[in-house]
Amino acid sequence: GDSVTQMEGPVTLSEEAFLTINCTYTATGYPSLFWYVQYPGEGLQLLLKATKADDKGSNKGFEATYRKETTSFHLEKGSVQVSDSAVYFCALSPPASYGKLTFGQGTILTVHP
Amino acid sequence: EAGVAQSPRYKIIEKRQSVAFWCNPISGHATLYWYQQILGQGPKLLIQFQNNGVVDDSQLPKDRFSAERLKGVDSTLKIQPAKLEDSAVYLCASSTRDRGSGANVLTFGAGSRLTVL
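Note that the coordinates shown come from a computational prediction; the quantities given were computed from them, not determined experimentally.

Conventions and cut-offs
- Once a new chain begins, its residue numbering starts again from 1 and follows that chain's sequence as written.
- Written order decides the labels, with chains lettered from A and ligands numbered from 1.
- Local features in a predicted model are, by the rule used here, given only for residues with pLDDT of at least 70; side-chain atom pairs are given and counted only at 80 or more, and totals for whole chains, interfaces and linings are based on all residues.
- Excluding hydrogens and water, the side-chain values take into account all heavy atoms of the structure.
- Remark: nonpolar core denotes a set of buried residues (Ala, Val, Leu, Ile, Met, Phe, Trp, Tyr, Cys) joined through side-chain atoms within 4.5 Å.
- Relative accessibility under 20% of the residue-type maximum defines a buried residue, over 50% an exposed one, and the middle range a partly exposed one, all with a 1.4 Å probe and only protein chains included.
- Helix and strand labels come from DSSP, where a helix needs a run of H or I of at least four residues and a strand needs a run of E of at least two; each type is numbered from the N terminus.
- Every residue pair with non-hydrogen atoms within 4.5 Å of one another is taken to be in contact.
- Here, strands pair whenever DSSP counts at least two bridges between them.
- Simply put, an axis is a line fit to the C-alpha atoms, just over the touching stretch for a helix, and the angle between two N-to-C directions goes from 0 to 180 degrees.

**Overview of the nonpolar core**
Among the nonpolar cores identified, the biggest contains 26 residues, and A:Leu19, A:Trp35, A:Leu47, A:Leu48, A:Phe73, A:Leu75 and A:Tyr88 are the most heavily contacted of them. In terms of residues, this core owes the most to one element, strand β10 (residues 86-93) of chain A, which gives four residues. Not counting chain neighbours up to four residues away, the residues in contact with A:Leu75 comprise A:Leu19, A:Thr20, A:Ile21, A:Trp35, A:Leu47, A:Leu48, A:Phe62, A:Glu63, A:Ala64 and A:Tyr88. The next biggest cluster of nonpolar side chains, apart from the first, holds 21 residues, and it includes B:Val4, B:Phe21, B:Phe65 and B:Cys92.

**Some details on the pairing of strand β6 (residues 44-50) of chain A**
All names here are of chain A. Note that strand β5 (residues 32-38) and β6 share six bridges and pair antiparallel. Counted as the bridge partner of Gln38 is Leu44 from β6. Here β5 folds back onto β6 in antiparallel fashion, the turn holding five residues, of which Gly41 has a positive phi close to 80°.

**Overview of the sheet that holds strand β9 (residues 75-77) of chain A**
All names here are of chain A. Taken in spatial order, the four strands make up an open sheet running β3-β9-β8-β7, and their pairing is antiparallel. Two strands bound the open sheet, and with one partner strand each, they are β3 (19-21) and β7 (56-59). Direction aside, the axes of adjacent strands within the sheet are offset by 15° on average. Strand direction decides the pairing type here: β7 and strand β8 (residues 62-65), joined by four bridges, are antiparallel. Opposite Gly57, over in β8, you have Ala64 as the bridge partner.

By themselves, these observations are geometric and do not establish any function.
Quick look at the structure:
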């Protein structure tokens, strides 16, 4: 079945550091790929998405590129802020599934001043 | 637009008791989902509705969990009897098709946190 694997956490960085959170997936066909973020005390929010190979999703300085050849969708940000501290989830949605999401286990990010 | 509404936000019960969670999706969203998020894990789909019909309930423990979506709008998730391992956050989400990409984009509610003692 479909699955998503994220890099083990937690990740601790200093402000302005470069961030990479790795995400790889297993799926048949061409799923849509997503990153969701969960800030402390809040619900899940869509951060960015990509729906076909080589698409780049971007939002709030975060980027991720859909790599079909490596089945990856790594999240990157050039300079993190304390306010980026949250849990990040990679997820996929198979074609023709009405948006059903399969999530990775989540990666906790803590950014120190 | 108003978001996905869920209630109650918190519930504490003893094992073998029953509990119900309510969800009101975003107006006009045809697809509604219930996810279970156990502490330290990613959300897991329990059931998915398209209007008032079930699309996928393959991971719903049907001996104790039930869900309905009357009239294709609000939905209720029930657990009876509850077990200790049901302690989790129950997330409701709804979606509509994104015009640009054609993908369904989910909007999540704040969740209902269940503690089973």
